[in-house]
Amino acid sequence: VTQAYKQAIVDAKASDIVWTNKLAGTNSSVIRTAQVESGGLQVNGFVSWLLRNSLTKTLTRTLMLTRALDVYKRAAFDEECQIWQAGRGVQHID
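Procedures and definitions
Residues numbered from 1 in each chain as written. Predicted model: local features only at pLDDT ≥ 70, side-chain atom pairs only at ≥ 80, totals over all residues. Heavy atoms only, no water. Phe/Tyr/Trp six-rings, centres within 6.5 Å; stacked < 30°, edge-to-face > 60°. Helix = DSSP H or I, 4+ residues; strand = E, 2+ residues; numbered from the N terminus. Buried < 20%, exposed > 50% of the residue type's maximum accessible area, 1.4 Å probe, protein only.

## Here we look at the packing of aromatic side chains
(1) Moving on: Enumeration over the complete set of coordinates arrives at two aromatic pairs.
(2) Moving on: Between Y5 and W84, the ring centres sit 5.7 Å apart and the planes meet at 20°, which makes this aromatic pair stacked. Of the two residues, Y5 is situated in helix α1 (residues 3-11) and W84 in the segment after α4 (57-77); the sequence distance between them amounts to 79 residues.
(3) Moving on: By relative accessible area, Y5 is classed as buried at 14%.
(4) Moving on: Summarising the aromatic geometry, the rings of F46 and W49 are spaced 6.2 Å apart at their centres and angled 25° between planes, so their arrangement reads as stacked. Taken together, the residues F46 and W49, both in helix α3 (residues 45-52) and three residues apart, mark about one turn of the helix.
(5) Moving on: Residue classification places F46 among the exposed residues on the basis of a relative accessible area of 55%.
(6) Moving on: For W49, a relative accessible area of 42% puts it in the partly exposed group.

Structural data, given as structure tokens:
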């Protein structure tokens, strides 16, 4: 895991944690960063419809999760990627 990710975990407060469904199609908690903000926190209307439709929900989530796994790998090992998962308990980490 990158030093930047570790430092973000240590520096984060509960208020820095936001929910997004843009990664895997389900809610994930991430640390608010400029990169997260620039990408938005919610999927667009079309993807939202795909996630609600019983015929397309599973395939859409599978495709989104596959892409999200790549993002999670990059976040762990690439200093340029600042999409870091964390929960509200980060405020208790010293």
